[in-house]
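Chains, contacts and geometry: an overview
Each chain, letter by letter, is given below.
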Amino acid sequence: MKVPLSKPYVDQEIKEKVLEVIDSGQYILGSHCKKFEKEFAEFIGTKQAVLTSSGTSAIFLCLKALGVGPGDGILVPSLTAFPTVEPVFHLGAVPIFVDIGDTFTLDLKHVEEILKKGSPGRKVKKIKGMLPVHLYGHPSDMDSLRDLAEQYGLFVLEDCCQAHGARYKGKRVGSMGVAGCFSFYPSKNLTVFGDGGILVTSDETLAETCRMLRDHGRKEKYEHELVGYNLRFNEIQAAVGRVQLQKLDWFNESRRRIARWYGDGLEGTPVTLPRTESWAEPVFHLYVIQTSERDRLAAYLKEKEIQTGIHYPIPNHQQPAVKNGLGPQPELKKTEEAVQRILSLPIYPELEKEKVDFVCGAIREFFKR
Ligand SMILES: Cc1ncc(COP(=O)(O)O)c(C=O)c1O
C-alpha cells in the first residue's frame, strides 16, 4: 500500500473554475483576487488581506513595509523553512536565531534572555521585531510573545505558512500580530496548485503599502508612488483558492481526526508524539513524531512505500548561507537535538483510516524487530 506524505485536495468544482477563468479573459488581480482577499480576511478576522506571489514574498512585503532595514535584528526560530529567514537577509537585516520549546515554536525563555541581554551582536543596532512561526500547524504562545514585544517596543509578524485556520485561545493565527503571512504551496493546508501567498492585517496603512509594493509601487496604472516589485497573484489560482477556503475548516477537522488516529495507533510505542497546548487548536500541517532511531525507521517505512519527511534536517543557524553571511552562530541545544529526531508522517485531508493503521502497524513492527 503506497502512502504519500501529502496530497492536495482537488474536485470537479475546482477544475471547472479554472476553465471558467481561462474563458473570462481576466487573469491578474481581477475580481476573483478581490473576492478571495475579502473572504480570507473575514475567515482570519482581519480588516485586510493582500494576495502575493508566495508566502516568502508576503513576509518580504510586510518586513519592507514595516521599514525593516540594515542593522535591524529580527528574532526568529531556527527550526523553520529557510524562506522564513530569507526576506530578513534581503532587506539587509539580521536574523537572531531562537531555540524552540516543547511544541517546536519559539522558546519564550530564550526570547526573554536575548531581549534582556540587549547586545545581540556587532551587526545588530536594534532588535526591531519578532517573527514567530506556527510550525507544523501549532500556534506559538502569542499572548506571552506580544507582552514581551510590547515591553521592548518590537513588532510581531506571524509566519502562518503552515497554520491556515489554526486558533490560539479561540483567535485565528494571523489576527494577533501586526500582520500574518500564509503560503499556498501545494503541500499546504490550503493550496492553489502552484505558488501563492497572502498577508492579512488590520493595519490599513500597512495593507496599502504592501498592496502598492506588490504591483510596481502603484495605485493608478501609470503613476508609480514607490519603487515596487512584481509579486502579484492571478485569477486562476484565486478562483481555486476560494473553493479551497470554503473547505478549509473541513480539511483541518479531518487533519485533527487523523492526528487522533495516529495518537491512538502509536500509543505505547517508543516514539514521542506531538504535543498540543491546552490553549491551542492546531491544524496539523505536519504530523511530527520523534525517535532516536529516526533514520532507520524512515528507511524501514520507505521499504513499505510509506513516504516520510524531515522538517527540517538542517536548522537555519547552521545553514551554509547563514554561516557564510553572519559568521558562526551560538548553539541552540533543543533545535539541534530535535533535527536528529523528528520525522513527519503522511497526513492530508483525504488520508484513509486504513492507511493510517498501515503506517502505525509498520512503526510497531519496526520497534518489535
Ligand atoms: C514556515 C514557512 N515559512 C515560509 C514559507 C514560504 O512559503 P512559500 O514557499 O509559499 O514561499 C513556507 C513554505 O515553504 C513555510 O513552511
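Up top you'll find the structure we're talking about.
Below, the structure is looked at part by part. (Residues numbered from 1 in each chain as written. Predicted model: local features only at pLDDT ≥ 70, side-chain atom pairs only at ≥ 80, totals over all residues. Heavy atoms only, no water.)

1. Thoughts on the overall build of the chain
Rules: Here a strand is any run of E in DSSP of at least two residues, a helix any run of H or I of at least four, and the numbering for each starts at the N terminus. Here the term buried applies to any residue with accessible area under 20% of the maximum for its type, exposed to any over 50%, and partly exposed to those in between, with areas from a 1.4 Å probe on protein chains only. We call two residues in contact when some of their heavy atoms are within 4.5 Å. The method behind every accessible area is Shrake-Rupley, applied with a 1.4 Å probe, and residues are considered shielded solely by the protein chains displayed. A residue counts as positive if it is Lys or Arg and as negative if it is Asp or Glu; His and the chain ends are not included. Charge positions are represented by NZ for Lys, CZ for Arg, CG for Asp and CD for Glu.
Along the chain, the regular secondary structure elements total 12 helices and 14 strands. Referenced to the eigenvectors of the C-alpha coordinate spread, the extents of the chain come out at roughly 70 × 55 × 35 Å. When each of the 369 residues of the chain is scored for burial, the buried share is 55%. Taking the intrachain contacts of the chain between residues at least 6 apart in sequence as the baseline, contacts between residues at least 24 apart amount to 73%. Entry remark: accessible area of the chain is about 16,100 Å², with carbon and sulfur atoms responsible for 49%. Separation of charge centres in the chain, based on 49 positive and 48 negative side chains, amounts to 2 Å.

2. Details of the pairing of strand β14 (residues 342–345)
Along any regular strand, the residues point their side chains to alternate faces of the sheet. Cut-off, in case you're wondering: The rule for pairing is simple: two strands pair if DSSP sees at least two bridges between them.
Neither face of β14 is left uncovered, since the one carrying I342 and S344 and the one carrying L343 and L345 both have all their residues buried. As paired strands, strand β13 (residues 287–290) and β14 are joined by four bridges and run antiparallel to one another. Paired with V288 across the two strands is S344, which belongs to β14.

3. Quick look at the packing of aromatic side chains
Defined as follows: Stacked, edge-to-face and tilted are the three classes for Phe, Tyr and Trp ring pairs, Trp counted by its six-membered ring, which pair at centre distances within 6.5 Å; planes under 30 degrees apart are stacked, over 60 edge-to-face, the rest tilted.
Taken as a whole, this structure holds 16 aromatic pairs when the rule is applied. For the ring pair Y262 and Y287, a centre distance of 4.8 Å and an interplane angle of 25 degrees mean the geometry is stacked. Of this pair, Y262 sits in helix α8 (residues 235–265) while Y287 is found in strand β13, placing the two residues 25 residues apart along the sequence. Note on accessibility: Y262 and Y287 belong to one class, buried. Between Y300 and F366 the ring centres are 5.5 Å apart and the planes differ by 55 degrees, which places this aromatic pair in the tilted class. Note that Y300 is positioned in helix α9 (residues 294–303) and F366 in helix α12 (residues 353–368), a separation of 66 residues in sequence.

4. Remarks on the environment of G101
For G101, the location among the structural elements is in the loop between β3 (94–98) and α5 (108–117). Each residue touching G101, except ones within four places of it in the same chain, is listed here: L106, D107 and K334.

5. Side note on unusual backbone geometry
Here H311 and Y312 are connected by a cis peptide whose omega angle stands at 20 degrees. In this fold, Y312 is placed in the loop between α9 and α10 (320–326). Its identity as a non-glycine residue notwithstanding, F193 has a phi of 55 degrees, on the positive side. With respect to the helices and strands, F193 occurs in the loop between β8 (179–183) and β9 (197–201).

6. Looking at the packing of α8 against α12
Inclusion rule: For helices, the axis comes from a line fit to the C-alpha atoms of the stretch in contact; other axes are also lines fit to C-alpha atoms, and the angle between any two N-to-C directions lies between 0 and 180 degrees. Each angle is binned into one of four classes, with values under 35 degrees roughly parallel, values over 145 roughly antiparallel, values of 65 to 115 roughly perpendicular, and all other values oblique. Helix crossings get a hand from a simple test, with the near helix turned counterclockwise from the far one by less than a right angle marking a left-handed crossing and a clockwise turn marking a right-handed one. Asp, Glu, Lys and Arg are counted as charged, while Ala, Val, Leu, Ile, Met, Phe, Trp, Tyr, Cys and Pro are counted as nonpolar; the rest, among them Gly, fall into the polar class.
One way to put it is that α8 packs onto α12 with a least axis distance of 10 Å and a crossing angle of 30 degrees. Here α8 lies roughly parallel to α12, going by the angle between them. Considering only the axes of α8 and α12, their crossing is right-handed. For the pair formed by α8 and α12, the contact residues are I258, W261, Y262, D264 and G265 on the first element and K353, V356, V359, C360 and R364 on the second. Residues belonging to the contact of α8 with α12 are distributed by class as follows: six nonpolar, one polar and three charged.

7. Digging into the sheet that holds strand β12 (residues 280–281)
Across the sheet, three strands lie side by side as β7-β6-β12; this open sheet has antiparallel pairing. The open sheet terminates on both sides in strands that have one partner only, identified here as β7 (171–172) and β12. One ladder, built from two bridges, connects strand β6 (residues 167–168) with β12; its direction is antiparallel. The partner of Y168 across the bridge, within β12, is A280.

8. As for the site of the ligand
Our working definition: The near set for a molecule or strand comprises every residue that places at least one heavy atom within 4 Å of it. Between N or O atoms, a polar contact is any pair within 3.5 Å; within protein, one atom must be a potential hydrogen donor and the other a potential acceptor, and residues adjacent in sequence are included only when both atoms are from side chains.
Residues in contact with the ligand amount to 15 residues; listed here are only the nearest, G55, T56, D159, Q162 and S183. Here an oxygen atom of the ligand and a side-chain polar atom of T56 are 2.4 Å apart. K188 places a side-chain nitrogen or oxygen 3.0 Å from an oxygen atom of the ligand. Look at the ligand: alone it shows 380 Å² of surface, and the protein chains cover 91% of it. Classifying every residue of the shell around the ligand gives five nonpolar, eight polar and two charged.

9. Describing a nonpolar patch on the surface
Put simply, the rule is: By definition, no residue in a patch forms a salt bridge, and every one has over 30% relative accessible area; like charges are joined within 9 Å, nonpolar side chains (Val, Leu, Ile, Met, Phe, Trp, Tyr) within 5 Å. Think of a salt bridge as a Lys or Arg side-chain nitrogen and an Asp or Glu carboxyl oxygen that are within 4 Å of each other.
Together, L19, I22, Y27 and I28 make up a nonpolar patch on the protein surface, roughly 390 Å² of accessible area in all. Within the secondary structure layout, Y27 lies in the loop between α1 (12–24) and α2 (31–44).

10. Regarding the nonpolar core
What counts is decided by this rule: Side-chain atoms within 4.5 Å link the members of a nonpolar core, which is a set of buried Ala, Val, Leu, Ile, Met, Phe, Trp, Tyr and Cys residues.
Formed by 76 residues in total, the largest nonpolar core has its most connected members in F40, L75 and M130. With residues near it in sequence (within four places) discarded, M130 still touches L75, V111, L115, L145, L148, A149, L154, F155, V156 and L157. V271, L297, Y348 and C360 belong to the second-largest nonpolar core, a separate cluster that totals 25 residues.

11. With respect to the pattern of salt bridges
Following the criterion strictly, the structure yields 26 salt bridges and no others. In this structure, R296 engages E293 in a salt bridge whose closest nitrogen and oxygen atoms are separated by 2.7 Å. Between E365 and K304 there is a salt bridge whose closest N-O contact spans 3.4 Å. Taken as a pair, E365 in helix α12 and K304 in the loop between α9 and α10 lie far apart in primary sequence, 61 residues in all. Look at K304 and you get partly exposed, because its relative accessible area is 29%. What emerges from the salt-bridge pattern is a single network uniting R167, E253, R256 and E281.

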